[in-house]
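# Structural overview for review
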Amino acid sequence: MKGKIYKRGLALMLGLVLAAQGTGLGFRPFHEIFDSYAYTGAATVKASSLNVRSGAGTNYSSVGRLAAGTSVNVIGEQRGTDGNVWYQIQYTGTGGAVNTGFVSSAYVRLPVSYSADSNFEAYLTSQGFPESYKNGLRQLHAQYPTWVFKAKNTGLDWNTVIENESLLGRNLVSSGSVSSWKSVADGAYNWDNSTWTGFDGSNWVAASEDIIRYYMDPRNFLDETYVFQFLSHGYNSATQTREGLSSMVAGTFLSGTTTSTGTGGSDFSAGSGGSSSRTSTKGPGKSSSYDDSQHGPGVSGSSGSSGSQSSGSYSVSLSGPSGTSTGSANGAGQGSPTSGSQGSPSGGSQGSTNGASQGGVSVSLEGPQASVTPRQHNFVAVSVSLTPPGADSSQSGPVGTAGTVTTGNAPGSSNTSAPGSPNGSGTNASAGSAPGGSGSPGTAGTVPAGSEATYIDILMNAAAQSGVSPYVLAAMILQEQSTDGSSPLISGNYSGYEGYYNFFNVEAYQSGSMSAIQMGLRYASQSGSYGRPWNTVEKSILGGAQNYGDNYVKAGQNTFYLKKFNVQGQNLYKHQYMSNVQGAASEASKLARAYTSSLKQSALEFEIPVYQNMPEAPCVAPTGDGSPNNKLNSLGVDGFGLTPSFNRDTESYQLIVDSSVTQVYVTANPADGNASVSGTGNIALQNGTNDITISVTAKNGSIRYYTIHVVKQDGGPTAGSGGGVYTSPGGGPGGSNGPGASDSGASGPGGSNVTIVEIQP
């Protein structure tokens, strides 16, 4: 009987092969034949940003990009040219169009079987979770039945929240993002030359409302990785262990040691940044060379190497399937598997100077650097004190009257030029003395000065003292200083600030002639709160952790989500740790790595915001690209004048002509040469009122309509009696002299957080 079954099975296999050959498909390997019978149905994207390709493999061109949490429909599966499994998917693109392409299966999450649990269903309802939240939570419950999900009912109207978070400069994306991620609001986009205004460094621009909606919608991130942005940041010694921290930081500079220890005083020799026992050539205490005159948060650096990212002079490695790495001058790339991100251990490297790798792999750096700052931002606005009650606030940072940022020296300093400034007029700090501070001792510590200590021990001690999870502290440091620790803010040998460290980028924002690096180290070098000056690695980590614990975790902003989007308390939409719209999701992906399979079986608690009047379905990330400029530069009717005079922001005009006029000639020129214009030329007129519609289609597909209302009446003007083509002036909203003008020297309102969006093939 077994022999017959075996023969029948073999016959079936051969029959399939012959059938394939008989239909002209030719011979295909068995695995390709059976791949076509794999899973089909609903799935979600689990990469920060996932390339959709024209075929199954990284050698095929990219035809789209999907953000984390995007819903897709798997319609097929096959082995790719890279030897990995690829899914053929359908997804909703720009304008609701259904598109088809291929994505790596490694970055697609298939649904988990969920058996109805009446107790869990009742719990979700009692918490106040809307129905649109429940499917994602059911999937998580099926995987991790011990996890606890609490609805954080904000009481806020969803559209009001989005309106406030969309204020200019409050949320940023990389200038290399697809155009639909970038705002075209007044002050964010220059319609004259089709460029975006830089904030917090020239590589960071205002985020569009659509991408803000996507990243603020908690329903997009209810999976086993990104849900960690809702995990409480409080310290729990029972679940947050040294072993878990070791697993999280493996392969990064935080797995090593440092001799820059001690918290008991400022006895620290000039120019020495401490040493590390790691064999890496980077990290605190290692030499670094940066042209800081061209660097601010998110600004491209020249010091990157193949297989790493450079932005704001921070080298950050990335990785993806096939291990393809790109070194880019504007912060784009995919690097080696040592970065700890998802990917396979193979592959070479490619170089790029425009943020796109060879083979159509487009990678963007998404996120400026973090800044914990008490200043009142230009657009975001309110002053938040970081000085503990009873402490001397005069040394708490570069804050002037009413929260105005000062770009000069530290309070009490008589210097006329900030040390380390680009013009080279600054002087080096003396040993243990801040440039503008007194260099007084910091807080007492537990590690003798100069003795060797592991970063893990320092972080565990900082967690115990600050009340902040050591996993969260490590995720923040790796996010802000890169996995190899190559940031000048923690090198200890930055010119003018030798021997000072700022691991959490406190006060690190661009201001006037001072770069973010200079401002951050200036703050670290001053005597003041949280054990400053931070003249050892240990003091910087401990002080920064206490700063974050006091001013965020204990203030109610106790998750990555609330740290980024402050939708609780009395200071709504302000006191936000970073301006990078992707910051919470990016940090969550790092934090998730700290939790092993066994740790994930514990009762982790997640606080998930719920808003009033949310849309029925999760907000979708926009995918459109190309110039959004769909405005006209000129509009006219030969021989006639329009009322009012043409302005590119005015879309309706009046024109009266004599009843004898049978046609008019309409001319129009787009502001962007990539846009197309229709509705011009000779237009026949009927008696009475005629509406002439001129449409301008931008490269990204968006359309703007201009209308000329033509009325024929006796005694009206005839051709040549007045008017003609009028070109829009440069001033005014969006003009070269108005709020939309590009300003290469603009600094962003608020700090931001260097995060890498890992575009996966």
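Our focus in this paragraph is the overall build of the protein chain. When its secondary structure is counted, the protein chain shows 13 helices and 30 strands. Scored against the burial criterion, the 761 residues of the protein chain give a buried share of 55%. Partitioning the contacts of the protein chain with sequence separation of at least 6, the portion at a separation of at least 24 is 69%. Of the accessible surface of the protein chain, which amounts to about 28200 Å², a share of 49% is contributed by carbon and sulfur atoms.

All chains considered together, the criterion is met by 29 aromatic pairs. Members of the aromatic cluster, connected to one another through ring pairs, are Phe120, Tyr144, Trp147, Phe149, Phe228, Tyr471, Tyr595 and Phe606. Residue placement shows Lys631 over the ring face of Trp191; its charged tip is 4.2 Å from the ring centre. The lysine or arginine in question, Arg704, covers the ring of Trp191, its NZ or CZ lying 5.7 Å from the ring centre.

Next up on the list: unusual backbone geometry. Here the residue pair Arg532 and Pro533 is connected by a cis peptide bond, since its omega of 10° sits within 30 degrees of zero. Topologically, Pro533 is positioned in the loop between helix H10 (516-525) and helix H11 (537-551). Cis rather than trans, the peptide bond between Thr643 and Pro644 has omega equal to -5°. Relative to the assigned elements, Pro644 resides in the loop between strand E21 (632-637) and strand E22 (652-658). Of note in this structure, Ser194 is not a glycine but carries a positive phi near 55°. Structurally, Ser194 is set in the loop between strand E10 (189-190) and strand E11 (195-196).

Turning our attention to the environment of Asn59. One can find Asn59 in the loop between strand E2 (49-53) and strand E3 (62-67). Accessibility expressed as a relative area gives 53% for Asn59, which makes it exposed. When the C-alpha atoms of Asn59 and Gly80 are compared, they prove to be 9.6 Å apart, with 21 residues separating the residues in sequence.

This part takes up the sheet that holds strand E27 (residues 703-713). Strand order in this open sheet of four strands is E22-E27-E26-E24, and the pairing throughout is mixed. The open sheet has two free edges, formed respectively by E22 and strand E24 (676-678), since each of these has just one partner strand. Between one strand axis and the next, the sheet turns through 20° on average, direction left out of account. Pairing of E24 with strand E26 (residues 689-697) involves three bridges; the strand directions are antiparallel. In the sheet register, Ser678 faces E26, and the bridge partner there is Ser695.

Our next topic: the packing of helix H3 (residues 118-127) against helix H4 (residues 131-143). Where H3 contacts H4, the two axes come as close as 11 Å, and the packing angle between them is 135°. When the axis of H3 is compared with that of H4, the two are oblique. Crossing of H3 over H4 shows right-handed handedness. Residue-level contacts link Phe120, Glu121, Leu124 and Thr125 of H3 to Lys134, Leu137, Arg138 and His141 of H4. Looking at the contact of H3 with H4 residue by residue, the class counts come to three nonpolar, two polar and three charged.

Assignment of secondary structure puts Tyr144 in the loop between H4 and strand E8 (148-157). Classification of Tyr144 by relative accessible area gives buried; the value is 9%. As a C-alpha pair, Tyr144 and Gln601 span 457 residues in sequence and 6.4 Å in three-dimensional space. Setting aside its immediate chain neighbours within four residues, Tyr144 contacts Glu224, Lys600 and Gln601.

Pairing of E22 with E27 involves seven bridges; the strand directions are parallel. Its bridge partner lying in E27, Leu655 is registered against Val710. For E26 and E27, the ladder comprises nine bridges, and the chain directions are antiparallel. The residue of E27 that forms the bridge with Thr689 is Val711.

Our focus in this paragraph is the pairing of strand E4 (residues 71-79). Inspection of the sheet shows strand E1 (residues 41-45) paired to E4 by four bridges, in the antiparallel sense. In the sheet register, Ala43 faces E4, and the bridge partner there is Val72. Where E4 lies against strand E5 (residues 85-92), six bridges are found, and the strand directions are antiparallel. Bridge pairing in E5 links Gly76 to Gln88. The loop that links E4 with its antiparallel partner E5 comprises five residues; one of these, Gly83, has a positive phi angle of about 85°.

As a further point, take helix H7 (residues 242-249). What H7 keeps buried is the set Gly244, Leu245, Met248 and Val249. Down the axis of H7, the sector holding all buried residues measures 120°, keeping them to one side. As for H7, its buried residues are in contact with helix H8 (455-466), helix H9 (470-481) and helix H13 (583-592). Within two residues after H7, Gly251 carries a phi angle of roughly 85°, on the positive side.

Turning next to the nonpolar core. Counting residues in hydrophobic clusters, the biggest one holds 99 residues, and the most contacted among them are Met216, Phe228, Phe503, Ile541 and Phe606. Element by element, the count of residues in this core is highest for H9, at eight residues. Residues Val664, Val666, Ile683 and Ile708 belong to the second largest nonpolar core, which totals 22 residues.

With that settled, consider the pattern of salt bridges. All told, the structure shown has 12 salt bridges when counted by the stated rule. Where Glu605 meets Lys150, a salt bridge forms, and the shortest distance between an N and an O atom there is 3.3 Å. Here Glu605, found in strand E20 (residues 605-612), pairs with Lys150, found in strand E8; they are 455 residues apart in sequence, far enough to count as distant. Taking the shortest distance from any N to any O, the salt bridge between Arg648 and Asp192 comes out at 2.8 Å. Here the residue Arg648 occupies a position in the loop between E21 and E22, and Asp192 occupies one in the loop between E10 and E11, the gap between them amounting to 456 residues. Residue classification places Arg648 among the buried positions, given a relative accessible area of 1%. With a relative accessible area of 28%, Asp192 lands in the partly exposed category.

Before going further, it helps to examine H8. The α-helix advances 3.6 residues per turn, and as a result positions three or four apart in sequence lie on the same side. Helix length check: H8 (12 residues) gives 16 Å between terminal C-alpha atoms against 16 Å at 1.5 Å per residue, within 8%. Of all the positions in H8, only Tyr455, Ile456, Ile458, Leu459, Met460, Ala462, Ala463 and Ser466 are classed as buried. Those residues of H8 that are buried are in contact with H7, strand E13 (257-258), strand E19 (453-454), H9 and H11.

Here we come to the side chain of Thr707. Here Thr707 shows up in strand E27. On the basis of relative accessibility, which here comes to 18%, the residue Thr707 falls in the buried class. Filtering out sequence-adjacent residues up to four positions away, Thr707 remains in contact with Glu651, Ser652, Tyr653, Asp691, Ile692 and Thr693.

Further remarks concern the confidence of the model for the protein chain. Mean pLDDT over the protein chain: 72, with 64% of residues reaching 70 or higher. Note on residues 20-36: pLDDT is under 50 here. Beyond four places in sequence and across chains, it has 16 contacts. Confidence drops under a pLDDT of 50 for residues 287-446, and excluding neighbours within four residues, the segment shows 458 contacts in the predicted structure.

Okay, the packing of H8 against H9 next. Across the interface, H8 lies against H9 with an axial gap of 8 Å and an inter-helix angle of 120°. Classified by the angle their axes make, H8 and H9 are oblique. Taken as a pair, H8 and H9 cross one another with a handedness that is right-handed. Residues Leu459, Met460, Ala462, Ala463 and Ser466 of H8 touch H9, and the partners they reach there are Pro470, Leu473, Ala474 and Ile477. Looking at side-chain class alone, the contact of H8 with H9 contains eight nonpolar, one polar and no charged residues.

Rules behind the numbers
Residues numbered from 1 in each chain as written. Predicted model: local features only at pLDDT ≥ 70, side-chain atom pairs only at ≥ 80, totals over all residues. Heavy atoms only, no water. Helix = DSSP H or I, 4+ residues; strand = E, 2+ residues; numbered from the N terminus. Buried < 20%, exposed > 50% of the residue type's maximum accessible area, 1.4 Å probe, protein only. Contact = heavy atoms within 4.5 Å. Areas by Shrake-Rupley, 256 points an atom, 1.4 Å probe, with all protein chains shown as cover. Phe/Tyr/Trp six-rings, centres within 6.5 Å; stacked < 30°, edge-to-face > 60°. Lys NZ or Arg CZ within 6 Å of the ring centre and 35° of its normal. Pairing = 2+ DSSP bridges. Axes fitted to C-alpha atoms, helices over the stretch in contact; angles between N-to-C directions. Parallel < 35°, antiparallel > 145°, perpendicular 65-115°, else oblique. Left-handed = near helix turned anticlockwise from the far one by under 90°. Nonpolar A, V, L, I, M, F, W, Y, C, P; charged D, E, K, R; others polar. Arc of directions from axis to C-beta. Core = buried A, V, L, I, M, F, W, Y, C linked by side-chain atoms within 4.5 Å. Salt bridge = Lys/Arg side-chain N within 4 Å of Asp/Glu carboxyl O. Expected span 1.5 Å × (residues − 1). pLDDT = per-residue confidence, 0-100.

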